[in-house]
Amino acid sequence: MTYDESNIFAKILRKEIPCNVIAENLNALAFNDIAPAAPMHFLIIPKKSYQNYHDFISTASRQEIIDLNDLMNSLISKHNLHENGYRIITNTGNDGNQEVKHLHFHLLG
Ligand code: AMP
């Protein structure tokens, strides 16, 4: 399956539509989910075009993988989620109910 440049997170990355950015680094962006399923519901995405986890881990640079995980972990620390607990979810493909075809991690606290 090829990456679809018209997905909503690609539009956010191209700044064609707004989002509520909460943190970013060179290779990753975090913003609030538009329909929060928990008191804190962040989405963490790579800035380059990866459709899903397998695509990302198989083809991204080590630095991109580190930067995405660092950004996610910085939010865990900043919001003290490591104290009370949290969930990290990434839905993949049709069987995984992936709605937006750009890799994203849901961080729910
Ligand atoms: P998934 O089912 O894992 O693909 O989840 C996609 C998520 O993206 C859902 O939780 C949506 O609420 C969220 N979402 C869709 N459009 C936007 C947007 N424009 N800004 C922020 N979150 C969005």
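Placed above this text is the structure.
Residues numbered from 1 in each chain as written. Predicted model: local features only at pLDDT ≥ 70, side-chain atom pairs only at ≥ 80, totals over all residues. Heavy atoms only, no water.

Caption draft 1: Local environment of the pairing of strand S1 (residues 21-24). Looking at chain direction, S1 and strand S2 (residues 28-32) are connected through 3 bridges and run antiparallel. Bridge pairing in S2 places valine 21 opposite phenylalanine 31. (Pairing = 2+ DSSP bridges. Helix = DSSP H or I, 4+ residues; strand = E, 2+ residues; numbered from the N terminus.)

Caption draft 2: Fine view of unusual backbone geometry. The phi torsion at lysine 15 lies on the positive side, around 60°, for a residue other than glycine. Along the polypeptide, lysine 15 turns up in the loop between helix H1 (8-13) and S1. Even without glycine at this site, asparagine 97 takes up a positive phi of about 55°. Within the secondary structure, asparagine 97 sits in the loop between strand S4 (87-89) and strand S5 (105-108). In this structure asparagine 97 comes out as exposed when scored by relative accessible area, which is 65%. (Buried < 20%, exposed > 50% of the residue type's maximum accessible area, 1.4 Å probe, protein only.)

Caption draft 3: Molecular detail of the packing of aromatic side chains. Evaluation of the coordinates by the stated rule reveals 3 aromatic pairs. Measuring from centroid to centroid gives 5.4 Å for phenylalanine 9 and phenylalanine 31, while their planes differ by 80°, and the two rings are edge-to-face. Taken together, the positions of phenylalanine 9 in helix H1 and phenylalanine 31 in strand S2 put the pair 22 residues apart, joining distant regions of the chain. For phenylalanine 9, a relative accessible area of 7% gives the class buried. A relative accessible area of 2% places phenylalanine 31 in the buried class. When the centroid spacing of 6.2 Å and the interplanar angle of 85° are considered together, the rings of tyrosine 53 and phenylalanine 105 count as edge-to-face. Of this pair, tyrosine 53 sits in helix H2 (residues 53-59) while phenylalanine 105 sits in strand S5, and the two are 52 residues apart along the sequence. (Phe/Tyr/Trp six-rings, centres within 6.5 Å; stacked < 30°, edge-to-face > 60°.)

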